[in-house]
Amino acid sequence: PALALLTAIESARRMPDLAPANNALVTALAQCREVRTLAHPEQSRLTDAIVSSDERTVLGVESTRIAVWDLAEGRLLRWIESNYRVQNMQVRLSPDDRHLAVIGRGGSLVIAADGTRYGFTDRVVRLFDTLTGNEVAVLRGHSDRVTDARFTGDGKQLVSCSWDGTVRAWET
């Protein structure tokens, strides 16, 4: 269906007068269907989702934790908990699915163990072990908001960028 959709979109762009009769688009849309719903047990707001490289698990991101589901069965496997609250968390999986890079998009609200609340822009990338859920590293060095992070193809490095105008490469 994806190729048919791309073909139909390009066709509609090139020949807008024929778009209403575009059979490729109609066929592609008919083939798109929901396979499974992975329901969050507490119906909280999810802000990001990512599929593992082997397409066996899905991670659903909320403000303080990440749900890990078995995609084939739709079963919740575990939670990856964080000790801080981030608005609009963004996550990236390493190519071997072993590490999870987490950044906060936008302002963050951190709630300390004693309940004290701190508002700030997180200038770090946090790495988690996806099997244990433990935070294994906090990558510090940016002087402003981290806006994205990506693993290299071999997973040996993580590259992050920031509003401070820098791109940093980290060993993982």
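Structure shown above.
Just so we're clear, the structure is a prediction, and the values are computed from it rather than from any experiment.

Details of the sheet that holds strand β12 (residues 146–151)
Part 1 of the argument: With respect to topology, 3 strands assemble into an open sheet ordered β12-β13-β14, the strand pairing being antiparallel. The open sheet has two edge strands, β12 and β14 (167–171), and neither has a second partner. Pairwise comparison of adjacent strand axes, ignoring direction, gives a mean angle of 20° for this sheet.
Part 2 of the argument: Of the strand pairs in this sheet, strand β13 (residues 157–162) and β14 are connected by 5 bridges, and their pairing is antiparallel. What sits directly across from Q157, in β14, is E171.

A few points about the sheet that holds strand β7 (residues 99–104)
Part 1 of the argument: Within the open sheet, the 4 strands sit side by side as β6-β7-β10-β11. Their pairing is antiparallel. Two strands bound the open sheet, and with one partner strand each, they are β6 (89–93) and β11 (135–140). When strand polarity is set aside, the average angle formed by the axes of neighbouring strands in this sheet is 25°.
Part 2 of the argument: Here 4 bridges tie β7 to strand β10 (residues 124–129), and the two strands are oriented antiparallel to one another. Looking at β10, one finds that V102 is bridged to R126.

A few points about the nonpolar core
Part 1 of the argument: With 12 residues, the main nonpolar core is built from I50, L59, V61, I66, V68, I80, M89, V91, L93, L100, V102 and F128.
Part 2 of the argument: For this core, the elements supplying multiple residues, two or more each, are β2 (57–61), β3 (65–70), β6 and β7.
Part 3 of the argument: Tallying contributions element by element places β6 first for this core, with 3 residues.
Part 4 of the argument: Each residue touching V61, except ones within four places of it in the same chain, is listed here: R45, L46, T47, D48, I66, M89 and V91.
Part 5 of the argument: Core analysis: the next-biggest nonpolar cluster, separate from the first, contains 10 residues, V125, L127, V146 and W170 among them.

Quick word on the pairing of β3
Part 1 of the argument: Taking burial as the measure, the 6 residues of β3 include 6 buried ones, the bulk of the element.
Part 2 of the argument: Burial of the side chains of β3 extends over both faces: R65, A67 and W69 are buried on one face and I66, V68 and D70 on the other.
Part 3 of the argument: Sheet topology places β2 next to β3; 5 bridges connect them, and they run antiparallel. Its bridge partner being in β3, V61 is matched across the sheet by I66.
Part 4 of the argument: Where β3 lies against strand β4 (residues 75–81), 6 bridges are found, and the strand directions are antiparallel.

Definitions and cut-offs
The residue count restarts for each chain, going from 1 along the sequence in the order it is written. Owing to the predicted nature of the model, reporting of local features is limited to residues with pLDDT of at least 70; listing and counting of side-chain atom pairs is limited to 80 or more, with chain, interface and lining totals taken over all residues. To get the side-chain values, take all heavy atoms of the structure and skip hydrogens and water. Two strands pair if DSSP finds at least two bridges between them. Put simply, DSSP marks the helices as runs of H or I at least four residues long and the strands as runs of E at least two long, and each gets a number from the N terminus on. Between N-to-C directions, angles span 0 to 180 degrees; the directions come from axes that are lines fitted to C-alpha atoms, helices contributing only their stretch in contact. For this analysis, a nonpolar core means a set of buried residues of the types Ala, Val, Leu, Ile, Met, Phe, Trp, Tyr and Cys, connected via side-chain atoms within 4.5 Å. Residue burial is assigned from relative accessible area. The probe radius is 1.4 Å, only protein chains are included, and a residue is buried under 20% of its type maximum, exposed over 50%, and partly exposed in between. Residue contacts follow a heavy-atom distance rule, with two residues in contact if any of their heavy atoms lie within 4.5 Å.

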